[in-house]
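# What the coordinates show
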Amino acid sequence: MTRHDAPDAGAGTDPEPCLVRCTAAEMAHLAARDAALGRLMDAVGPLRRERIPDPFMALVHAIAGQQISAAAHATVWRRLLEAFPRFTPDRLAGAAPEELRACGLSARKAGHVREIARRATCGELDLASLPALEDAALCARLCELPGVGLWTAEMVMIFCLERRNVLSAGDFGIRKGLRMLYRKRELTPAFIARCKKRYSPCASVASLYLWALAGGAGGADYADPAQATGKQAPGSLPRGRCRRSAPRSAGASFAPVRHDDQHGREHDERAAGEFPQGRVFSQKEDAQRHRGDRLKSAEYGRGRGTDAADGPDGEQQ
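To start, this report covers the structure provided alongside it. (Residues numbered from 1 in each chain as written. Predicted model: local features only at pLDDT ≥ 70, side-chain atom pairs only at ≥ 80, totals over all residues. Heavy atoms only, no water.)

### A look at the overall build of the protein chain
Counting its secondary structure elements, the protein chain contains 15 helices and 1 strand. For the protein chain, buried positions account for 54% of its 317 residues. Within the protein chain, contacts between residues at least 6 apart in sequence are counted, and of these 76% link residues at least 24 apart. (Helix = DSSP H or I, 4+ residues; strand = E, 2+ residues; numbered from the N terminus. Buried < 20%, exposed > 50% of the residue type's maximum accessible area, 1.4 Å probe, protein only. Contact = heavy atoms within 4.5 Å.)

### Description of the packing of aromatic side chains
This model, assessed by the stated rule, comprises 4 aromatic pairs. Between phenylalanine 56 and phenylalanine 87 the ring centres are 6.1 Å apart and the planes differ by 50 degrees, which places this aromatic pair in the tilted class. Of the two residues, phenylalanine 56 sits in helix H3 (residues 55-64) while phenylalanine 87 sits in the loop between helix H4 (70-83) and helix H5 (89-93), which places them 31 residues apart along the sequence. Taking relative accessible area as the criterion, phenylalanine 87 reaches 1% and is therefore assigned buried. Through successive ring pairs, a cluster of aromatic residues spans Phe56, Trp77 and Phe87. Sitting over the face of the ring of phenylalanine 191, lysine 184 holds its NZ or CZ atom 4.8 Å from the ring centroid. (Phe/Tyr/Trp six-rings, centres within 6.5 Å; stacked < 30°, edge-to-face > 60°. Lys NZ or Arg CZ within 6 Å of the ring centre and 35° of its normal.)

### Things to note about the nonpolar core
The biggest cluster of nonpolar side chains holds 75 residues, and the ones touching the most others in it are Leu80, Phe87, Leu142, Leu181 and Tyr199. If we skip the residues at most four places from it in the chain, tyrosine 199 touches His29, Leu30, Asp34, Leu37, Leu167, Leu178, Leu181, Tyr182, Ala206 and Leu210. (Core = buried A, V, L, I, M, F, W, Y, C linked by side-chain atoms within 4.5 Å.)

### Things to note about unusual backbone geometry
A negative phi angle characterises most non-glycine residues, just as the trans form characterises most peptide bonds. Across the junction of serine 200 and proline 201, the peptide omega takes the value 5 degrees, indicating a cis bond. In this structure, glutamate 162 is a non-glycine residue whose phi angle is positive, near 55 degrees. If you trace the backbone, glutamate 162 turns up in the loop between helix H9 (150-159) and helix H10 (172-182). Phi at arginine 183 is positive, roughly 55 degrees, even though this residue is not glycine. The class of arginine 183 is exposed, set by a relative accessible area of 56%.

### Side note on the pattern of salt bridges
Within this structure, the stated rule accounts for 15 salt bridges. Taking the shortest distance from any N to any O, the salt bridge between aspartate 90 and arginine 86 comes out at 3.0 Å. In this structure, a network of salt bridges that share partners links the residues Arg21, Glu26, Arg51, Glu162 and Arg164. (Salt bridge = Lys/Arg side-chain N within 4 Å of Asp/Glu carboxyl O.)

### Some thoughts on helix H8 (residues 135-143)
Those residues of H8 not exposed but buried are Leu138, Cys139 and Leu142. Buried positions in H8, seen along its axis, are confined to an arc of 95 degrees and lie on one side of it. Those residues of H8 that are buried lie in contact with H3 and H9. (Arc of directions from axis to C-beta.)

The values reported here are purely geometric and, on their own, carry no functional implication.
Take a look at the structure:
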């Protein structure tokens, strides 16, 4: 089990993982508010989703997972923990770009990580003050950081700071789970807003179950209407084509899915070693890999619990 709860990974036996809380009271509230969600929670049962309680580690973890598959994300994160046993802002601020790139980070991501580490080290970024901020102020503060967009901020809010009322409208897994739960081929912003209002103040717990559903936890009783009709979901890529700038998955058992920088323009990043260096993929191959990444996002809700998904149905914010 990967150790997330201490800056110094150290040696020896890893401790029990730190988990996202999912209380009986919250589940009872959601079941009373939404019968369909209540049936899903009964069918799936309790969920175990890991969280990273250290804000700096959580930010780096989320940035590392932007635009790549869950498997690649896990590999990059493992390399980072091995390369930097003392995983602190001052250590990463002093790291050479080549050290970070050797772990699988792109030059762009390595720059974002080093700048966030520098700000945390010199006091420009007060990580200790983040838990005291209200949700809106917290999200805005995180989005001011290089490499952090709305999706990344929302994932840190859920899987680090345990904010209880987050529903990521741009997350591929959340959108897929909503389509499956309510048997809708298309989702409108107004419908997603109504769901958030209905789940409030426990939308984060609802998100965990939507990710689990998107990852297959609901079984044969649930299917994605967008796929069952043989049609592409709105905003998704036509068969056989792949936008290279399309958002990719981010990691963990069905989980979150938007991997963007602060401007929503993060491009397709390949983890070091994932592809033969210099190889150019055909449209068909690239489209197949893109669809595989979408399948990967299903891991988020089923297992690890730190990052996991794909991209917001191709929508651009």
